[in-house]
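Given next are the chains, with one letter for each unit.
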Amino acid sequence: MIFEELNKIERQPNGAPVAAEDLLQLPVFKDVSPQFLKKNANATVWRHFKRGEIVCREGEFGSTAFYILEGTASVQLASPIAHVKAQGGPGGFFGRLTSKLTSRLAARQEDRREEEADRRSIPIDAPVDLAYDHPVAELGPGELFGEMTCMNYYPRSATVRAETDCTMLEMLRNVLDVLQKSKPFRAQLDQTYRRRALDSHLRNVSIFRGLTQDFIDHLRERVELLRFTPGQVICKQGEPADSFYLVRLGFVKISEAYPGGELVLAYLSRGDYFGEIGLLGGGGRTATCTALDHVELVRISAEDFLAMVEKFPGVRLGLENAARERQAANQERLRMVRSVPLERFLSQGLMEAQSLLVLDLDKCTRCDACVTACADSHDGVTRLVREGLRFENFLVATSCRQCRDPLCMVGCPVGAIRRRNSLEVIIEDWCVGCGLCAKNCPYGNINLHSFTAQAEDHENPGHKKAVVQKKATTCDLCTEQAEPSCVYACPHDAAHRVEPREFFSETLGQRAGTLKKR
Amino acid sequence: MRIDNTHKNWAIASLLIFGLSMLLYGIYRVPPSGVPMGGTALGLVFGSLGFAFMIFAALLGARKKVPVWRVGRAQTWMRGHLWLGLLCLPLIVFHSGFRYGHGLSAVLMTLLIVVVASGVFGAALQHYMPRVMTREVTMETIYEEIEHVRAQLREEAEELFTQATAETAKAAAAAGAGSTGTSVAVREDEAAPMRNFFEQELRPFLDNPGARGHALADQAQSRSAFVQLRTLVPPALHTTLDDLESICEEERQLTMQSRLHLWLHGWLLLHIPLSLALILLGAVHAVMALRF
């Protein structure tokens, strides 16, 4: 037991509120006002878990965080670490004859996808990260988990199971929010982070893998841990660059201003970093970074950052390459945006799209052949719905638009959804199937695909049982095929996959465009 | 399918086949009237070609059943279906030597005429109706969802009505208790025209929107009914009336969508079974003619 003070507290049954007097006995609550704790008497409750009992499951929605007082708990991902792979199609004579694609789960070792993250660990809502190859870790007394769920109402990122008999405090957001402002509590959390997660966070970034342990130990004590509230600007485009940041918690929106608007370049989540372009270029910030929710960052000062890149030329080279790639991708996106007629596109959100499935309603007989073909091509799970926005006589069907502001990426509890440089969405192997991305997508373009998988049977430890797991999928444009199934199967020449700006340019009267089908 | 410029090649090819067939028929037709044309070499060529085109046209149905098969784009099949299907008629007429025949031949000829006519009718509908539907039904939904949307509209209307009447009841109670009430409160008698309208007109319309002769089924009549109603009830209820009017409009659009959908696809109920019968009996006719 690390809390001697626990001996002075009389344990109450499971679910009973923790008395303010008892909470104040604990060092982490020392700075919290007794009046606040009394007013919020029911906001913190006792939780007792027997060995093997599940505390929370990945993908579940919740609103509380857990603070471990006694015992140890394991934190793990029960979902298979794999992505949905469509197969079939053009292989062999008969393969070429059919567009029937079967979907199955494939891990990184088996099916390496272009621009897939090369992370070695998976970010979760706990003071530790999980190894990609063996996603299990241990949590002990004094550790907090479920912060993101509690503060931002994101789904649980992992399954937590009591490894020994455990006693925990389960708290609501108002208590956690006050605790976050308490110096002893912050100090303890920060210390835990520096001790357990900073190392893996830094090493998760491929270009930092060359850092020596000595240097990481040096950084461990030098870095600053910062907190930002939702909407707070972390740094502004054009400001002098003075720090490098690593995201510890929450989501950061990276955006760039352009005449008449703002282009979201990326949403960064736990384990991602930013600020290197300004530091390496010796100039100002090239983008504005804003906290989307409760964000916690690790700040490495310009001095330490420059010392690091000087001491480790490999790191410098990697950072420079990464910065160049990011800048080139950003420039390309901005170039595309600047050349677009905005008004009417923006009014219907079409500006956001990179690729659209449009149905010419003057030709479409509403036969649903496109939907049937999509379902038949993807194990009976259609990835498009013949409903959506209308633009002139075109229906922009519900199918992934590869948006420039990909709201689907906000809130993923394990940071599994992101996009490639081409802006196309990629769902990483460690998707836990919580469905938040599907819920967030304003166009309903993300679906959950069910699979039967073998998972640990928590009722019978050491045994496995078949369970239905879900993985998020988006329209993959039937990349295995020469042409998307929905377009191929439309008998009325009404369905087209198009690059929207070009496709609508004629309608908008901006320039005579030739219909470019994808 | 819209018949537009993209059909040019098919139209030209079909016209060429038709012209060539007519030329051959004119040149090689056996003059004696007693000899059936179908039994001659040219007649057999016309018959075989016509039957082959029928089979190709019928295969569109099979093609649609397996959308995952990459055996040509569905629109190519559809174009082939339209033009080759249409060509069947002159080819079979040439095959028959412009005779209607009797027995099975007469049945076949009748079936062919009906199938081609229904196909032309269907093609014309599918050429025009999508534009009508796009223009007229701006609140279009997925066809299978229509009943669900209707149920939601009914529920929404009931809710609006209940809220409005609950507020008037509250206002009446307050008035009974001697309270002056709020400025927007509506007395029960003031809301009576709306209650009567809802119970006698609106609810029956939403319950059975397809019923003929209903005033609310007609946009103009509906508009005038709501205009009149607004003059009878206090302004506090006008927002509710606006919402109810929107519900009626959406309901009319759903009815219109159902009707247009029926037009778009209803003719297939005749076209498909008769086509299948034609293929089947055509095969019987071919076997019998060749064997006997």
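Keep in mind the model is a prediction, meaning the values are calculated, not measured. Note on numbering: residues in each chain are counted from 1, in written sequence order. By the order in which they are written, chains take letters starting at A while ligands take numbers starting at 1. Two thresholds apply to this predicted model, a pLDDT of at least 70 for residue-level local features and 80 or more for giving and counting side-chain atom pairs, whereas whole-chain, interface and lining totals are computed over all residues.

(A) The arrangement of the overall build of chain B in detail. Each helix is a run of DSSP H or I of at least 4 residues and each strand a run of E of at least 2, with the numbering of both proceeding from the N terminus. Within chain B, the regular secondary structure consists of nine helices and zero strands. Exposed residues have 12 or fewer other C-beta atoms within 10 Å of their own C-beta, buried residues have 20 or more, and partly exposed residues fall in between, where C-beta atoms are placed from the backbone. Sorting the 292 residues of chain B into buried and exposed places 28% on the buried side.

(B) Representation of unusual backbone geometry within the structure. Residues and elements named next belong to chain A. Positioned with a positive phi, Arg 366 is a non-glycine residue whose angle comes to about 60°. With respect to the helices and strands, Arg 366 occurs in the loop between β21 (356–360) and α13 (369–377). Accessibility expressed as a C-beta count within 10 Å gives 22 for Arg 366, which makes it buried. The backbone of Asp 493 shows a phi angle near 55°, a positive value even though the residue is not glycine.

(C) Spatial organisation of the nonpolar core. We define a nonpolar core as a collection of buried residues of the types Ala, Val, Leu, Ile, Met, Phe, Trp, Tyr and Cys that are connected via C-beta atoms lying within 7 Å of each other. Residues Tyr 67, Val 75, Val 252 and Ile 417 of chain A are the most contacted members of the largest nonpolar core, which totals 106 residues. Remark: residues whose backbone-derived C-beta atoms lie within 7 Å of one another are considered to be in contact. With residues near it in sequence (within four places) discarded, Val 252 of chain A still touches Ile 234, Val 247, Leu 268, Phe 274, Cys 289, Thr 290, Ala 291, Leu 292 and Val 295 of chain A.

(D) Broad picture of the interface of chain B and chain A. Opposite the 23 residues of chain B that make contact, chain A presents 26 residues. Of all the elements in the fold, those that place two or more residues in the side of chain B that touches chain A are α3 (74–96), α4 (104–136) and α8 (238–266) of chain B. Three classes are used, and their members are as follows: Ala, Val, Leu, Ile, Met, Phe, Trp, Tyr, Cys and Pro are nonpolar, Asp, Glu, Lys and Arg are charged, and the others, Gly among them, are polar. Tallied by class, the residues present in the side of chain B that touches chain A amount to twelve nonpolar, six polar and five charged.

(E) Representation of the sheet that holds strand β12 (residues 166–171) of chain A. All names here are of chain A. Strand order in the open sheet formed by four strands is β1-β12-β3-β10, with antiparallel pairing between adjacent strands. Edge strands, defined here as strands with exactly one partner in the open sheet, are β1 (44–49) and β10 (144–145). Pairing geometry for strand β3 (residues 65–70) and β12, over five bridges, is antiparallel. Its bridge partner lying in β12, Tyr 67 is registered against Leu 169. Only strands joined by at least two bridges in the DSSP assignment are considered to pair.

(F) Quick peek at the packing of helix α7 (residues 219–232) of chain B against α8 of chain B. All names here are of chain B. Where α7 meets α8, the closest approach of the two axes is 11 Å, and the angle between their N-to-C directions is 170°. Classified by the interaxial angle, the pair formed by α7 and α8 is roughly antiparallel. Mapping the contact onto sequence places Gln 219, Ser 222, Phe 226, Leu 229 and Arg 230 in α7 and His 238, Leu 241, Glu 245, Cys 248 and Arg 252 in α8. As a rule, the C-alpha atoms of each element are fitted with a line to give its axis, helices using only the stretch in contact, and angles between N-to-C directions run from 0 to 180 degrees. Note that the term roughly parallel is reserved for angles under 35 degrees, roughly antiparallel for angles over 145, roughly perpendicular for angles of 65 to 115, and oblique for everything else.

(G) Representation of the packing of α3 of chain B against α4 of chain B in the model. Residue and element names in this part refer to chain B. Put simply, α3 and α4 touch, their axes get as near as 10 Å, and they point 150° apart. Considered as vectors, α3 and α4 are oriented roughly antiparallel to each other. Like other packed secondary-structure pairs, α3 and α4 cross with a definite hand, here left-handed. Contacts between α3 and α4 involve Leu 82, Gly 85, Leu 86, Cys 88, Leu 89, Ile 92 and Ser 96 from the former and Ser 105, Met 109, Leu 112, Val 116, Gly 119 and Ala 123 from the latter. Of the residues contributing to the contact of α3 with α4, the split by class is nine nonpolar, four polar and no charged. A clockwise turn of the near helix away from the far one marks a right-handed crossing, whereas an anticlockwise turn of less than a right angle marks a left-handed crossing.

(H) Geometry of the pairing of β21 of chain A. All names here are of chain A. For β21, the buried fraction is high: four of the five residues fall into the buried class. Two elements, β21 and strand β28 (residues 495–498), share four bridges in a ladder whose sense is antiparallel. Each residue of the ladder has a partner; that of Leu 356, found in β28, is Val 498.

(I) The confidence of the model for chain B, seen in detail. Residue and element names in this part refer to chain B. Summary of the metric used: pLDDT quantifies the predictor's per-residue confidence within the range 0 to 100. Taken over all residues, the pLDDT of chain B has a mean of 87, while the share at 70 or more is 90%. When the criterion is pLDDT under 50, residues 179–184 qualifies, and its contacts beyond four places in sequence or with other chains add up to five contacts. What the predictor reports for the complex is a pTM of 0.62 with an ipTM of 0.83.

(J) Highlighting the sheet that holds strand β13 (residues 224–228) of chain A. All names here are of chain A. Taking strand neighbours across the sheet as the criterion, the four strands line up as β13-β20-β15-β18 in an open arrangement whose pairing is antiparallel. Single-partner strands in this sheet number two, and they are β13 and β18 (273–274). Of the strands in this sheet, β15 (243–249) and β20 (295–301) touch helix α10 (residues 302–311), which is tilted by about 60° from β20.

(K) Just the environment of Leu 389 of chain A, in detail. Residues and elements named next belong to chain A. Note on placement: Leu 389 falls in strand β22 (residues 385–391). When the 15 C-beta atoms within 10 Å are taken as the criterion, Leu 389 is described as partly exposed. The spatial distance from the C-alpha of Leu 389 to the C-alpha of Tyr 443 is 9.0 Å, given a sequence separation of 54 residues.

(L) Representation of the pairing of strand β11 (residues 159–162) of chain A within the structure. Residues and elements named next belong to chain A. Covered by surrounding structure in β11 are Thr 159 and Arg 161 together with Val 160 and Ala 162, the residues of both alternating faces. Direction of pairing for strand β4 (residues 73–76) relative to β11: antiparallel, over a ladder of four bridges. Bridge pairing in β11 places Val 75 opposite Val 160.

(M) Main features of α8 of chain B. In this model α8 of chain B runs 41 Å from its N-terminal to its C-terminal C-alpha over 29 residues, within 8% of the 42 Å that 1.5 Å per residue would give. Among the residues making up α8 of chain B, those that are buried are Thr 240, Leu 241, Leu 244, Ile 247, Cys 248, Glu 251, Arg 252, Leu 254, Gln 257, Leu 260 and Leu 264 of chain B. Multiplying one less than the number of residues by 1.5 Å gives the expected span of a helix.

(N) Representation of the environment of Gly 250 of chain A in the model. Residue and element names in this part refer to chain A. Inspection of the secondary structure puts Gly 250 in the loop between β15 and β16 (252–258). C-beta crowding within 10 Å serves as the criterion here: with 25 such atoms nearby, Gly 250 is assigned to the buried category. With 46 residues separating them along the chain, Gly 250 and Glu 296 place their C-alpha atoms 6.5 Å apart. Setting aside residues no more than four positions away along its own chain, Gly 250 makes contact with Asn 152, Ala 291, Leu 292, Asp 293, His 294, Val 295 and Glu 296.

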